[in-house]
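A structural walkthrough
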Amino acid sequence: MYRNTLRYRWFASSNALLLTVISILCILPLVHVAAVSFSSSSAATANQVYFWPVGFNKEAYLRTLDNPLFLHSLVLSVERTVAGTLLSMMLTVTAAYTLSRSFYGRAFYSWFFVFTMLFNGGLIPTYMVVTGLHLTNTLWALILPSAVNVFNTILMMQFFRAIPKELEEAAHIDGAGYLRSLTSIYLPLSLPSLATLSLFAMVWHWNSWFDGLIYMTDYRQYPLATFLQTIIQSGDMRNTNIDPGQLQVLSERTVRSAQILIGALPILIVYPFLQRFFVQGLTMGAVKE
Amino acid sequence: MEWKKGRIRFIRQLPLHLLILPSIICLLIFNYAPMAGLLMAFQDYKPRLGILHSPWAGLAHFRYMFSYPDSVQVIYNTLLIASLKIVANTVVPIVFALLLNEVRTVVFKRFVQTFVYLPHFLSWVILGGILTDVLGNKGIVNNLLSFTGADPIFFLGDGTWFRITVIISDVWKEFGFSTIIYLAAMSGINMALYEAAEIDGAGRFKQTLHVTLPAMVPVILVVSTLALGNILNAGFDQIFNLYNPLVYREGDIIDTFVYRVGLMGGSFSFATAVGLFKSAVSFVLIVVSYRLAYRFGNYRIF
Amino acid sequence: MKKRITRKTSIALIAGLALLTAAGCSSSDPNSNSSSNQNEQGSNGNSTKGEATITLGRVVGSDNQFKNGESIEDNVHTRWAKERFGINFKVDWTVGTGEAYSTRLRLLLNSNDKLPDVFTLSDPTLENQVVDSGKVMSIDEAFDKYASPRIKELYAQYPEIWNTVTYDGKHYGLPTFNANSSFSVLWIRQDWLDKLGLKAPKTIEEMETVMDAFVNKDPDGNGVKDTIGLSVSLKKGVSAVKDTYMVSSDFIFGKKAVPTYWTEAEDGTLQYGSIQPTVKQGLAKLSEWMSKGYLDKDAGVQDEAKAAESFVQGKSGMVFGPTWMATYPFNADMKFDYIPVPIPAGVDGNMGFGSEPQSSVRFYFNKDFKYMEAFFNYLDAIMGPGFYDPESELANGWAEGYDYVMVNGEPVYDHDKIPGGWIDVKKYSIYGNDIQTPKKELEVMAKLGQGIKPETPYEKYFSARPKKWADAAAVLQTYIDDAAVYDQFTGPPTKTMAQKGELLRKMENETFLKIIYGQESPDSFDSFVKKWKSSGGDEITKEVNDWYQAVKK
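For clarity, every value in this text was computed on a predicted model and none was experimentally measured.

Definitions and limits used
- Residues numbered from 1 in each chain as written.
- Chains lettered and ligands numbered in written order.
- Predicted model: local features only at pLDDT ≥ 70, side-chain atom pairs only at ≥ 80, totals over all residues.
- Axes fitted to C-alpha atoms, helices over the stretch in contact; angles between N-to-C directions.
- Helix = DSSP H or I, 4+ residues; strand = E, 2+ residues; numbered from the N terminus.
- Parallel < 35°, antiparallel > 145°, perpendicular 65-115°, else oblique.
- Left-handed = near helix turned anticlockwise from the far one by under 90°.
- Contact = placed C-beta atoms within 7 Å.
- Nonpolar A, V, L, I, M, F, W, Y, C, P; charged D, E, K, R; others polar.
- UniProt positions renumbered as here; feature names shortened; annotations may be inferred.
- Pairing = 2+ DSSP bridges.
- Domains from an automatic or database assignment.
- Buried ≥ 20, exposed ≤ 12 C-beta atoms within 10 Å, placed from the backbone.
- pLDDT = per-residue confidence, 0-100.
- Expected span 1.5 Å × (residues − 1).
- Bend = angle between axes of the 7 residues up to and from the residue.
- Core = buried A, V, L, I, M, F, W, Y, C linked by C-beta atoms within 7 Å.

1. Some thoughts on the packing of helix H8 (residues 159–186) of chain B against helix H10 (residues 204–227) of chain B
When two helices pack together, their arrangement is given by the angle between the helix axes and the distance between those axes. Residues and elements named next belong to chain B. Relative to each other, H8 and H10 sit at 135°, their axes nearing to 9 Å. By the angle class used here, H8 and H10 are oblique. Where H8 crosses over H10, the handedness of that crossing is right-handed. Along its contact with H8, which presents Ile181, Tyr182, Ala185 and Met186, the element H10 presents Thr212, Met216, Val219 and Val223. Taken together, the residues of the contact of H8 with H10 sort by class into 7 nonpolar, 1 polar and no charged.

Take a look at the structure:
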């Protein structure tokens, strides 16, 4: 076994060291952000916080969590993320499966998809379509316009292609149709990629805030990411007659930091559950045989 | 005869068409319909008149874009920064995924993976502040450099260093997130291939070279080709939060330029024209790489 | 509130497909959106005087709080407006941020949707489009008929405020005044001055002496040369409050010309500040200071908040900025002695700095809006606090039990004494804030700074502010009228500005910063001026003056 060679062992330990250093470099800024979020605002304004809170307090979190709209926006965000991810993955899987077959019209369809990745009409026309369909103030305004994720679809198609054709042919002989072979052969064999792409879709839905801002005409119906934006952008900046109180809110580093952590936390909690699927990939590959 | 064959084929393949239909409908409504807005690029768009009645301007906005004294520099900056980002953001995650793949301790692997994926969630507003500190004249990086006797480097105020900073910090922020795709791709590799290679006497490096990498090629090709769609997107949020007049020459990109034109009362039409130009360039590049992959590798990227 | 797909929506989806085949997107059919509105207007037509419905879009940020089950549509202030003026505020839509408010108005305008009856804007480009769309009305007649005497008097006193909304001699919006009470003073380390036996500088030369001592004589006594003389932010170029809201450097240039500001020359025409000879002198000074270490080497990459840090941390001797810096970014944890002092005279020998504009926000009125009389009555009442009128019914506060309580006949603003918590009621008003009048706030604050005992409700209210803020106001009041320079071009960007403005500004910022950093000699300023003029600057100057002549008529 290669693993016992001296050279490999040497490689393995320096690799471990390298990965540790990189991990630390990645986590430090977040630790800093967390420390700032728990610091007093004067310490944060003076930039005197490094990796441990200075003048510990929870003010920044209270301001967000005590807001009566917080819970509602969290619920809306979960709804939006779950519904949006489900819808998006359904479309991704069906479209990717189709595009991974060879059939008449395939090339047209794939270019039809790719084209939309590159060209878009911009904010105003999209807004007009969404309002024209009376989707404003519904969950649909947040999930339908982005329901087809072309990048995910093309990736999924790639993963489907890697699955040996023989499996499907065998199924076809048994009389299974396209849908059956998709659900009983392709999907079970694609758990790692499904997990990965679902994660992408989830993160996207969880983080997007601009669509909430323009498609919800009632501030009480903002999803979490949009709501958090109102915390840090805040204020009635129509009145650019500069108001120090507002400025303080705007540039409040503690609140901004807390906002990042509150926004990212739910995704970070979900992550390890999905991680199972791609970290243990190697054994899954073995199972496949 | 022919049409009959076509019809039979169509009926046989009908389920496939039906499976993709919902996606097609969504794209038609939410992507293709708004593309009517692209007409603004050829108009002198006035809100009062709308897209249907605004006067035509032909290619005036495009001509203006290229007659602009700075446009060559700005397009060059964008291309340079974006393409270096594309290369780095492809290579680094692949190498990292390969290195991570060598880790046997599952817990360690999971921790590393979680940590490197965290920076994705930080915004450039926050990171801009952190970078200004860390890279400042009295920042930690320059303090470390001073031990080696080097002069302090003005990372954000010197053009070349600005570009390097922009690329490295972007890779740092995103590589962990991108690694996930490659890990998913690796999970599909058949273990039997490794065993066969081992029997042939291949060491781990050779196994990686001859088994792991080839298996990842399809995904790498797709991801990097689709990344070409960003060949003129060098990252607005990042540059906008970091740049300053000292690095306009080397750091100004198309999007920041369009933003500033907008501040000065520039029109929707101009912004749309620039956007259309960017899309068209990306589109051509993607078509070309698709063709090349097909001709030389007999491989369909999508 | 669960949202499910309704039959209506699915029909709409199909309809959308049909639409698509026709002409791409076009929901410009105004009927689809305003049917409810039409009914309402029908009933409005018959309504008696004293019943006025005003539809609005509202910003409800996270700093808008509610109690007693109230909302933005129904609260203590809207009930007051209804009772006093017969006004029903009807909220068409709400958004969470000010930025989203202009985005929504932009979208409504571009998709030909209905604009609210009354709305505010603060972006001359967008305002120009709104007026151009013909969807707003000119207000001259209504203003003459319904505006209260004190409002008329105020606007007559500052006629140039109308410039932004003037088209062909008519006024298409109602500008509101800024407080003009905060910009700007010099904050300086008194303890450092004392230690080094120096006095606050009055001229650029004295300033250099002070900065030299601050940098080289170790004023913080830690044995390390780690202090700077003056904190400045140059990330957005050499600019005044328009672009850099604090920690700017414009006072160095004096009064004759402020970079980026258009001011009236002796011949009555407008000239661009950045190309005047005094700016060259100022840049040369800044460059010298940078090389001598008086300024932070990182000033060019620091934004306002970042540049202010050094002063807050006690590492910088001076910072230039508004009086309210006493509340932000300064704070009670700064355990050293710093005071506001008058700004030194600039390179031209005069005190001068770029002021905030007279007006940042304008009201606009939908052309179908009929209740101007009710609006102006209401406006006069809510401007009471802005006039600092002791007789105003809002003098003590906006609503008792919300932003103040009466204890023994005295208003009390202590948040803990208000049952159910303090609520900022002025945010419920149509403007979302106090509507200020010029320099009135400064008068009140300056009195407090001079140590006069608070008498009027306003003085009592402001006495809760940090003492240093009041001190700064007292300092500022002594020279604001002489030193404040206003940008007199307040119209929408001109044609050449839209085409070449970005290029010129970029060139300006780049040249100025390179001069300051010593990468180019101050003489490159001359070639910049030449290039500025030939690359469109001359045309812009002409257009700006055409505009100025047109609005002055």
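2. Topic: the UniProt feature "transmembrane region" (unreviewed entry) in chain A
Residue and element names in this part refer to chain A. The positions that UniProt labels "transmembrane region" (unreviewed entry) are, in the present scheme, residues 70–96, 108–127, 139–163, 184–206 and 257–274. Annotated as residues 184–206, this span is 96% helix and 0% strand, and its ends, taken at the C-alpha atoms, are 30 Å apart. Structurally, residues 257–274 is divided into 100% helix and 0% strand, and its ends, taken at the C-alpha atoms, are 26 Å apart.

3. Focus: the sheet that holds strand S14 (residues 361–365) of chain C
Residue and element names in this part refer to chain C. The sheet built from 3 strands is open, its strands ordered S3-S14-S6 with antiparallel pairing. Only two strands of the sheet have a single neighbouring strand rather than two, namely strand S3 (118–121) and strand S6 (174–176). Averaged over all pairs of adjacent strands, the angle between strand axes in this sheet comes to 30°, irrespective of strand direction. Note that S6 and S14 share 3 bridges and pair antiparallel. Paired with Leu174 across the strands is Phe363, a residue of S14.

4. Section: the UniProt feature "transmembrane region" (unreviewed entry) in chain B
All names here are of chain B. Taken from the UniProt record, the annotation "transmembrane region" (unreviewed entry) applies to residues 20–42, 74–99, 111–131, 175–194, 215–236 and 268–293. Secondary structure across residues 111–131 comprises 71% helix and 0% strand; the distance between its end C-alpha atoms is 25 Å. Secondary structure content for residues 268–293 is 100% helix and 0% strand, while the C-alpha to C-alpha distance between its ends is 37 Å.

5. Examining the interface of chain A and chain B
Counting from both sides, the interface comprises 72 residues of chain A and, opposite them, 67 residues of chain B. Tallied by class, residues from the side of chain A that touches chain B come to 48 nonpolar, 19 polar and 5 charged.

6. Structural notes on the domain arrangement of chain A
Residue and element names in this part refer to chain A. On domain assignment, one finds that chain A holds domain 1 (1–57) and domain 2 (59–288). Each side of the interface is counted separately: domain 1 has 9 residues, and domain 2 has 9 residues. Sorting the residues of the side of domain 1 that touches domain 2 by element identifies helix H1 (6–37) and helix H2 (41–45) as the ones contributing at least two each. No other element matches H1, which puts 4 residues into the side of domain 1 that touches domain 2. Among the residues making up the side of domain 1 that touches domain 2, the classes are represented as 4 nonpolar, 5 polar and no charged.

7. Looking at the environment of Asn31 of chain B
Considering the arrangement of structural elements, one finds Asn31 of chain B in helix H1 (residues 2–32). Excluding anything up to four places from it in sequence, Asn31 of chain B contacts Thr116 and Asn120 of chain A.

8. Side note on the UniProt feature "domain: ABC transmembrane type-1" (unreviewed entry) in chain B
If you check UniProt for "domain: ABC transmembrane type-1" (unreviewed entry), the listed places come out as residues 75–289 of chain B in our numbering. Helix makes up 75% of residues 75–289 of chain B and strand 0%, with an end-to-end C-alpha separation of 21 Å.

9. Details of the pairing of strand S1 (residues 52–59) of chain C
All names here are of chain C. Counting buried positions along S1 gives 6 out of 8 residues, so the element sits mostly inside the fold. The pairing of S1 with strand S2 (residues 87–95) spans 8 bridges and is parallel. Following the sheet pairing, Val59 is matched in S2 by Val95.

10. Comments concerning the confidence of the model for chain A
Residues and elements named next belong to chain A. Model confidence for chain A is summarised by a mean pLDDT of 86, while 89% of its residues fall at 70 or above. Ranking the elements of chain A by mean pLDDT puts helix H16 (residues 281–288) last with 40 and helix H7 (residues 140–143) first with 96. In the model, residues 234–241 has pLDDT below 50 throughout and makes 39 contacts with residues more than four positions away in sequence or in other chains. This model gives residues 281–289 a pLDDT under 50, and the stretch forms 18 contacts once residues within four places in sequence are excluded.

11. Description of H8 of chain B
Compared with an ideal rise of 1.5 Å per residue, which puts 28 residues at 40 Å, H8 of chain B spans 39 Å between its outermost C-alpha atoms and is within 8% of the ideal. The largest bend along H8 of chain B measures about 45° and falls at Phe175 of chain B.

12. Here's the deal with unusual backbone geometry
All names here are of chain C. In this structure, Ser184 follows Phe183 across a cis peptide bond, with omega equal to -20°. With respect to the helices, strands and loops of the structure, Ser184 is situated in the loop between S6 and strand S7 (185–189). Cis geometry is found at the peptide bond from Tyr328 to Pro329, where omega equals 5°. Among the secondary structure elements, Pro329 is positioned in the loop between strand S11 (316–321) and strand S12 (338–341). Despite not being glycine, Asn112 has its phi angle at roughly 60°, a positive value. Note that Asn112 resides in the loop between helix H4 (98–110) and S3. Of note, Asn180 is a non-glycine position whose phi angle comes to about 45°, a positive value.

13. Quick word on the sheet that holds S11 of chain C
Residues and elements named next belong to chain C. Across the sheet, which stays open at both edges, the 4 strands sit in the order S8-S11-S7-S12 with mixed pairing between neighbours. Each end of this open sheet is capped by a strand with a single partner; those strands are strand S8 (228–231) and S12. Neighbour-to-neighbour, the strand axes of the sheet open up by a mean angle of 20°, direction not taken into account. When S7 meets S12, the two strands line up antiparallel, connected through 4 bridges. If you follow Leu186 over to S12, its bridge partner there is Val341. Across the face of the sheet, helix H11 (residues 304–312) comes into contact with S7, S8 and S11 while running at roughly 140° to S8. Here helix H16 (residues 467–477) sits on the sheet in contact with S7 and S12, set at roughly 25° to S12.

14. Observations regarding the nonpolar core
Counting residues in each nonpolar core, the largest one holds 309 residues, and the members touching the most others are Tyr182 of chain B together with Trp187, Phe353, Phe375, Ala473 and Ile516 of chain C. Broken down by element, the residue count for this core peaks at 11 residues, all from H8 of chain B. Residues in contact with Ala473 of chain C, not counting those within four places in the same chain, are Thr323, Leu442, Met445, Ala446 and Gly449 of chain C.

15. Comments concerning the packing of H1 of chain A against helix H5 (residues 106–117) of chain B
H5 of chain B packs onto H1 of chain A with a crossing angle of 35° between their chain directions and a minimal axis gap of 8 Å. Classified by chirality, the crossing of H5 of chain B by H1 of chain A is left-handed. Every residue of H5 of chain B that contacts H1 of chain A at Leu19, Ile22, Ser23, Cys26 and Ile27 of chain A is listed here: Phe111, Val112, Phe115 and Val116 of chain B. Looking at the contact of H1 of chain A with H5 of chain B residue by residue, the classes come out as 8 nonpolar, 1 polar and no charged.

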